[in-house]
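Coordinate inspection notes
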Number of protein chains: 4
Amino acid sequence: MKPETIERIRKFTTDRDWDQFHSPANLAKSISIEANELLECFQWSDTDYDLQHVKEELADVLVYCRDMLDALDLDEDEIINMKMDMNEKKYPVEKAKGSNKKYSEL
Amino acid sequence: MKPETIERIRKFTTDRDWDQFHSPANLAKSISIEANELLECFQWSDTDYDLQHVKEELADVLVYCRDMLDALDLDEDEIINMKMDMNEKKYPVEKAKGSNKKYSEL
Amino acid sequence: MKPETIERIRKFTTDRDWDQFHSPANLAKSISIEANELLECFQWSDTDYDLQHVKEELADVLVYCRDMLDALDLDEDEIINMKMDMNEKKYPVEKAKGSNKKYSEL
Amino acid sequence: MKPETIERIRKFTTDRDWDQFHSPANLAKSISIEANELLECFQWSDTDYDLQHVKEELADVLVYCRDMLDALDLDEDEIINMKMDMNEKKYPVEKAKGSNKKYSEL
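The notes below deal with the structure included here. (Residues numbered from 1 in each chain as written. Chains lettered and ligands numbered in written order. Predicted model: local features only at pLDDT ≥ 70, side-chain atom pairs only at ≥ 80, totals over all residues. Heavy atoms only, no water.)

Re the interface of chain A and chain C
- In this assembly, eight residues from chain A lie in contact with eight residues from chain C.
- Interface of chain A and chain C: buried area, both sides summed, is about 640 Å²; carbon and sulfur atoms make up 44% of it.
- For the pair chain A and chain C, the interface holds two salt bridges.
- Notably, a salt bridge pairs A:Glu40 with C:Lys102, separated by 3.1 Å at the nearest N-O pair.
- Counting across the interface, chain A meets chain C through two residue pairs in polar contact (both at pLDDT 80 or more).
- For the side of chain A that touches chain C, the per-class residue count stands at two nonpolar, two polar and four charged. (Contact = heavy atoms within 4.5 Å. Buried area = accessible area lost by both parts, 1.4 Å probe. Salt bridge = Lys/Arg side-chain N within 4 Å of Asp/Glu carboxyl O. Polar contact = N/O pair within 3.5 Å; in protein donor to acceptor, adjacent residues only side chain to side chain. Nonpolar A, V, L, I, M, F, W, Y, C, P; charged D, E, K, R; others polar.)

With respect to unusual backbone geometry
Residue and element names in this part refer to chain B.
- Look at Asp73: it is not a glycine, yet its phi comes out positive at around 55°.
- Its location among the elements puts Asp73 in the loop between helix 3 (51-71) and helix 4 (76-90).
- Judged by its relative accessible area of 72%, Asp73 is exposed. (Helix = DSSP H or I, 4+ residues; strand = E, 2+ residues; numbered from the N terminus. Buried < 20%, exposed > 50% of the residue type's maximum accessible area, 1.4 Å probe, protein only.)

Re the relation of the copies chain A and chain C
- Of the transformation superimposing chain A on chain C, the axial component is 0.0 Å and the angular component is 180°, with the fit at an RMSD of 0.0 Å. One copy is carried onto the other by what is essentially a two-fold rotation axis. Closest approach to the rotation axis within chain A is made by the C-alpha atom of A:Lys29, at a distance of 3.8 Å. (Least-squares fit on C-alpha atoms with pLDDT ≥ 70 in both.)

Here we look at the interface of chain A and chain B
- Tallying the contact residues gives 61 residues for chain A and 61 residues for chain B.
- Where chain A abuts chain B, roughly 5,800 Å² becomes buried across the two surfaces, and 69% of that area is made up of carbon and sulfur atoms.
- On the chain A side of the interface with chain B, the three residues burying the most area are A:Arg8, A:Arg16 and A:Ile80, jointly 11% of the side's total.
- Across the contact surface, chain A and chain B share six salt bridges.
- There are 26 residue pairs in polar contact (both at pLDDT 80 or more) connecting chain A and chain B.
- Only helix 1 (3-15), helix 2 (24-40), helix 3 (51-71), helix 4 (76-90) and helix 5 (93-96) of chain A provide two or more residues apiece to the side of chain A that touches chain B.
- It is helix 3 of chain A that contributes the most residues to the side of chain A that touches chain B, 14 residues altogether.

Re helix 3 of chain A
Residue and element names in this part refer to chain A.
- Given a rise of 1.5 Å per residue, 21 residues ought to cover 30 Å, and the 30 Å separating the end C-alpha atoms of helix 3 matches this to within 8%.
- In terms of burial, helix 3 is a largely internal element, 15 of the 21 residues being buried.
- Positive phi appears at Asp73, one or two residues downstream of helix 3, with a value of about 55°. (Expected span 1.5 Å × (residues − 1).)

So, empty space enclosed by the protein
- Going through the model one piece at a time under the given rule, you end up with two cavities of 30 Å³ or more.
- Lining the largest cavity are C:Met1, C:Leu62, C:Cys65, C:Arg66, C:Leu69, C:Glu76, D:Leu62 and D:Glu76.
- Here the element with the most residues in the lining of the largest cavity is helix 3 (residues 51-71) of chain C; it accounts for four residues.
- Residue classes in the lining of the largest cavity are distributed as five nonpolar, no polar and three charged.
- Reported here for the second largest cavity is a volume of approximately 30 Å³.
- What lines the second largest cavity is simply C:Leu62, D:Met1, D:Leu62, D:Cys65, D:Arg66, D:Leu69 and D:Glu76.
- Among the elements that take part in the lining of the second largest cavity, helix 3 (residues 51-71) of chain D stands out by supplying four residues, more than any other.
- For the lining of the second largest cavity, the per-class residue count stands at five nonpolar, no polar and two charged. (1 Å grid on protein atoms, 1.4 Å probe; cavity = no way out; pocket = protein on both sides within 12 Å on 5 of 7 lines; lining within 4 Å. Points joined across faces, edges and corners; volume = space filled by probe spheres on them.)

A look at the environment of A:Asn26
- Relative to the assigned elements, A:Asn26 resides in helix 2.
- Here the alpha-carbon distance between A:Asn26 and A:Asp46, two residues 20 residues apart in the chain, equals 30 Å.
- In contact with A:Asn26, other than residues within four places in its own chain, are A:Phe21, D:Gln43 and D:Trp44.
- Reaching out from A:Asn26, the side chain makes a polar contact with the backbone oxygen of A:Phe21 at a distance of 3.0 Å.
- At 3.1 Å, the side chain of A:Asn26 and the side chain of A:Lys29 are in polar contact.

Here it is as structure tokens:
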């Protein structure tokens, strides 16, 4: 995400005095709620979806994730790289290649 | 997200031949599933949470969002700015300031 | 649900002194969390699922729904019939038959 | 749930020829989607919620759960009692009493 996009999201919140509502718990609920509006685009069909609607709902998920990074003062690249370290160990290429099994079943 | 972080996420998937599982519908399910592992950190308390666990689950949400942007060939900043245009109209500052009401009730 | 099953669920909670955690908001989170453990059974395939796992997760959703009915002192049949009245109006047979469109698009 | 309520839910589906959409995977998505409309009632506050809205969304979750029991030909009491057997072992009263910890941390 570009710095100006991050700034736009922050300004949207502060202009409306909404930081008071952005507790980590409320943002976790919000991410789940928006994730399910995204899921609703695929409720009855995996292939016949409205791309414009998908874009809007995915954007909503990303905006609330950005709000949560801010609320907890986290660096996006840092937490992702920390988690990718874990994922790469949990799913070694030689075991996981071409498989959709959970790590606990590999 | 830095270009090298995006590249790491992509390499993780292609190394494991997992692009075949990354249909938009499957990724929408995955985003919701991870969003709820994040929500689980706040299941019984809004304030007593395990920050390390929160970081890991938020990272998982962000990684699947990145996968979905890739699966649909979307630009993150473009879809967010498109949605922020909509949000700014739905929630005018003078009406929304300090309120947690939905736009349809403002 | 049989009266003795309902009683078993209630006894499970009171024996553990867990009513204190069963606020409507916490139960709403819990229903979503369990619904997503159910969804995880279908994360990468619609047809290749573990039926035993599905049964366990669907049961968890139903138990938390029962807890929420209790927390709010609601009658299951009453709220379902109230909602079915609404659904039957929103989805008239002649318009909705064979269609998976949302009522707002019918 | 009373037999006549179950019959009403079944008739609603067959009258609209919607059984074709009620795959277990689609119903799992639907349960999560409705669970999150329920969660939305508590998005910004745990205590200031619209009870009528809560009733409607909880009813929707219960209806889709009923549809899933039917789609998989499951007996509600049977799967709940099977799961309660597991829960009672995972959360022994002497360890779990008054605690909101997950069984893996007890």
